[in-house]
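# A look at the structure
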Amino acid sequence: MTNYLKEPRLLHGGDYNPDQWLDYPDILAKDLELMKESHTNTFSLGIFAWSALEPTEGEFHFEWLDKIMDDLHQQGCRVILATPSGARPAWMSQKYPEVLRTNAARQKMLHGGRHNHCFSSPIYREKVAIINKKLAERYGEHPALLMWHISNEYGGDCHCEYCQENFRSWLQKKYGSLKALNDAWWGPFWSHAFSEWSQIASPSPLGETAVHGMNLDWRRFVTDQTIDFFEHEISDIRKLTPDIPITTNFMADTMDLIPFQALDYEKFAKHVDILSWDCYPAWHNDWELTDDLASKVGFIDDLYRSLKQQPFLIMESTPSGVNWHPVNKTKRPGVHLLSSMQHIAHGSDSNLYFQWRKSRGSSEKFHGAVVDHDNRSDNRVFQEVREVGSAMEKIQAVKGSYKDAKVAILYDWDNSWALDDAQGFAQRTKRYSQTCQEHYRYFWNHDIPVEVVTPNANLSKYDLVVAPMLYLITEKSIQHLSDYVQAGGHLVSTYMTGIVNENDLVYLNGWPDKLQEIFGIEIEETDTYYPSDKNTLVFDNRSFTVKDYASLIKRGNARALAYYQEDFYAGRAAITVNHYGKGEAYFIAPRTDADFLEAFYQELVSKYDLSNSFVLVGDPSVSVQSRDRNGRPTFFVMNFSETTKTIQVRNETVDLLTEKPIGKEIHLSPYEVLILEVK
Ligand code: GAL
């Protein structure tokens, strides 16, 4: 890592695909010129370059890459060098069809597209090992090499015979005996108990989808198998270049901007040196406000930062629009600087783009890029990229600094998968990730830093832990929460918590005893609502809407803070608090709108003294985040709205971009961002 840590600059640049332009020397020369002009300094090379590197089996061409690496180095740029496994050349699929994926319906896929190789295929692993080793041997000592970019956006699954075999071995290792597996999967249900390991096959629309324990294990296996493939990819690279950090680009789930669902990133994060992710929000869409979208971006940034408790990288973003949203709107003037600074404010040490230059052909020819088909620098998009680059130069001292938080929101992939699978309750309104983001929203609105961590994280540093909808929770996690509260922590939980264990088997004999102790309540039933159904609760003499979910609780030692007002459970407690050990545990029994969360968390924030210490009077659309360099904060003040805003802060500051002094009243134009330090 030393090499990377010594790099003083925040990384600005992105995916550079010169292999698409090898027959256009004037374009390649122009690239170097424009790179200088754009204040970029880092490029990811070779992500999809396998057919340029090895056009036929065993025939390798590195000269073009040598030249690009040298050229970039000469002008002071760094390289994030990719292994090319994200897309393979046609000769390989033709000669070794086993490298192609088999889908859940057991159809062998054809050659084409990308991100579609089998993670188990011995041949694919062999071919990947060969090319990766050659790259590490050839470029390991290259002065431009900053980091390894392993493959691209790992995801998806394969159901071929190799994968089935690996799945069965994984299960054997996990369960030891078929009896244990049948117990965990509730085998006798619909006569689904197995008498031989060889009878087990992955979930499929043509076969098994109803065994929830199996679905969950399949998802876990897919994560483990992907990581296994990743570890295979990096084994020689680690040996040959132990000092060069390794990353692979994580994702969010498409336009919803919820955490990526296909892989458990908590597990994966442990295997990368630096976590990076690709972020493509649909700015200016017609279904949500700019600040609604910005807070979702903040949530994922906070989750991915917290997974490794260190700064992360934005590996891909676009300076204008993408090509895969239904409408690919370009960013309005100013939004590129604003959205880039948002990531840095949340802990990113980069702003990298897909891609440097727009392709001339194929499906991504209209995807936003730094250099457009016009090949010029005097257009708006290029100039805004330049502006971001020079802003990043001015604030580069924040690189490597972290941001701490006293509030944690718990997020868990196993839980998300199990809840998604659960049949019953209300199918369309489960919205686990979105619910976490709705709770997060209060803290974002009030500029209170948050870490988004998993139930396994060390919770002792937090003053408040919010754990919405932990439907799947292990006994170990329950104990963990109990220890946290007993030691003086403050915990908030909600409806749909503590229902199944790690095998998706329902806890018997009522709500788990330990949860009853922590919260001082029992859960008797969970009611679900049609969209037109509403109830109300009264909290602090104000009435709030109840929707979607309502747990009916029986109070033990807990004190009621609010009661349901209608239906057969009118008068029963809806919100409770329980003193437990040295701490307090709150339970929100129904789902509410944001106005209740606002009132509820406001009380907790003042009770536990969690407000932002810089902001005196904030605004929900103005987000203030900070990064802390040894006790010296840099504040990012960001207006995610289309109107002028004013906020009040406690200190006078200096604007790091303009060096102008800023008073205690800060005025922001639409989409404006200020980066400030106390004088
Ligand atoms: C990413 C991918 C890039 C590019 C980009 C377009 O998912 O890694 O290669 O396709 O999307 O938005």
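Whatever comes next refers back to the structure up there.
Residues numbered from 1 in each chain as written. Predicted model: local features only at pLDDT ≥ 70, side-chain atom pairs only at ≥ 80, totals over all residues. Heavy atoms only, no water.

### Focus: unusual backbone geometry
Rule in force here: Per the convention used, a helix needs a DSSP run of H or I reaching at least four residues, while a strand needs a run of E reaching at least two, with both numbered from the N terminus. Note on classification: 1.4 Å probe, protein chains only; a residue is buried when its accessible area is under 20% of the maximum for its type, exposed when over 50%, partly exposed between these limits.
Between F354 and Q355 the backbone carries a cis peptide bond, its omega angle lying at -5 degrees. Along the chain, Q355 turns up in the loop between β11 (350-353) and α13 (380-394). For H115, which is not a glycine, the phi torsion comes out positive at approximately 50 degrees. Inspection of the secondary structure assignment puts H115 in the loop between α5 (90-95) and α6 (122-139). Taking the relative accessible area as the measure of exposure, H115 reaches 19% and is therefore buried. Positive phi is not limited to glycine here, since E153 has a value of about 40 degrees. Its location among the elements puts E153 in the loop between β4 (145-149) and α7 (161-175). With a relative accessible area of 14%, E153 lands in the buried category.

### As for a nonpolar patch on the surface
So the rule is basically this: Surface patches are drawn from residues lacking salt bridges whose relative accessible area is over 30%; two like charges belong together within 9 Å, two nonpolar side chains (Val, Leu, Ile, Met, Phe, Trp, Tyr) within 5 Å. Only the protein chains shown count as cover for residues, with accessible areas throughout obtained via the Shrake-Rupley method and a probe of 1.4 Å. In the sections that follow, a salt bridge refers to a side-chain nitrogen of Lys or Arg positioned within 4 Å of a carboxyl oxygen of Asp or Glu.
Residues W186, F189 and W190 make up a contiguous nonpolar surface patch of roughly 420 Å² in combined accessible area. Within the secondary structure, W190 is located in the loop between α8 (178-184) and α9 (212-240). Classification of W190 as exposed rests on a relative accessible area of 58%.

### Brief notes about the side chain of D217
Rule in force here: By definition, residues are in contact when any of their heavy atoms lie within 4.5 Å.
Along the polypeptide, D217 turns up in helix α9. With residues near it in sequence (within four places) discarded, D217 still touches F167, W170, L171, K174, Y175 and W185.

### Concerning the packing of α7 against α9
The condition is simple: To get an axis, a line is fitted to the C-alpha atoms, and for a helix only the part in contact is used. The angle between two axes follows their N-to-C directions and goes from 0 to 180 degrees. Angle categories: roughly parallel below 35 degrees, roughly antiparallel above 145, roughly perpendicular from 65 to 115, and oblique for all the rest. Ten residue types, Ala, Val, Leu, Ile, Met, Phe, Trp, Tyr, Cys and Pro, are classed as nonpolar, four, Asp, Glu, Lys and Arg, as charged, and the remainder, Gly among them, as polar.
Look at α7 against α9: their axes get within 10 Å of each other, and the N-to-C directions meet at 105 degrees. On the basis of their axis angle, the class for α7 and α9 is roughly perpendicular. In contact with C163, N166, F167, W170, L171, K174 and Y175 of α7, α9 contributes M214, D217, W218, R220, F221, D224 and Q225. Counted by class, the contact of α7 with α9 contains eight nonpolar, two polar and four charged residues.

### A closer look at the sheet that holds strand β6 (residues 249-250)
For clarity, the cut-off: Any two strands with at least two DSSP-identified bridges between them are counted as paired.
Taken together, three strands build an open sheet; the order of strands is β6-β9-β10 and the sheet is parallel. Both edges of this open sheet fall to β6 and β10 (313-316), since each of them pairs with a single strand only. With three bridges connecting them, strand β9 (residues 276-278) and β10 associate as parallel partners. Residue D278 lies in a different strand from β10, and its bridge partner there is E316.

### Focus on the sheet that holds strand β1 (residues 11-16)
Spatially, β5-β4-β3-β2-β1-β11 is the arrangement adopted by the six strands of the open sheet, whose pairing is parallel. Single-partner strands in this sheet number two, and they are β5 (246-247) and β11. Summarising the sheet, strand β3 (residues 78-82) and β4 pair through four bridges and their orientation is parallel. Bridge pairing links V79 to L145 in β4. Across the sheet, helix α4 (residues 63-74) is in contact with β1, β2 (42-45) and β3; its angle to β2 comes to roughly 170 degrees.

### Examining the pattern of salt bridges
Using the criterion set out here, one finds 39 salt bridges in the structure. Linking R220 and D217 is a salt bridge whose minimum nitrogen-to-oxygen distance equals 3.1 Å. With a gap of three residues between them, R220 and D217 both fall in helix α9, about one helical turn apart. Like D217, R220 is buried.

### Some thoughts on the pairing of strand β13 (residues 450-453)
Alternating positions in β13 separate into two faces, V450 and V452 on one and E451 and V453 on the other, with burial throughout. Summarising the sheet, strand β12 (residues 407-410) and β13 pair through four bridges and their orientation is parallel. Residue pairing for β13: I409 is matched across the bridge by V452.

### Thoughts on the pairing of β2
Note the cut-off: Handedness of a crossover is defined as follows: with both strands directed away from the viewer, a clockwise route from the first strand across the helix to the second makes it right-handed.
The side-chain alternation of β2 yields two buried faces, one formed by T42 and S44 and the other by F43 and L45. Bridging between β1 and β2 involves four bridges; their strand directions are parallel. Looking across to β2, one finds that D15 is bridged to S44. Since β1 and β2 lie parallel, the crossover through helix α2 (residues 25-37) that links them has a hand, and here it is right-handed. Bridge count between β2 and β3: four bridges; the pairing is parallel. If you follow L45 over to β3, its bridge partner there is L81.

### Here we look at the packing of aromatic side chains
Just so we agree on the cut-off: Centres within 6.5 Å make a pair out of two Phe, Tyr or Trp rings, where for Trp the six-membered ring is used; the pair is then stacked when the planes are under 30 degrees apart, edge-to-face when over 60, and tilted otherwise. Our definition puts a charge over a ring when NZ of Lys or CZ of Arg is within 6 Å of the ring centre and also within 35 degrees of the ring normal.
Across all of its chains, the model carries 50 aromatic pairs by this definition. Between F260 and Y265, the aromatic rings sit 5.5 Å apart at their centres with planes inclined by 20 degrees, giving stacked as the arrangement. Between the NZ or CZ atom of R305 and the centre of the ring of Y402, over which it lies, the distance is 5.5 Å. Directly above the aromatic system of W21 lies the positively charged group of R357, at a separation of 5.7 Å from the ring centroid.

Scope: geometric values only; no functional claims are made or implied.
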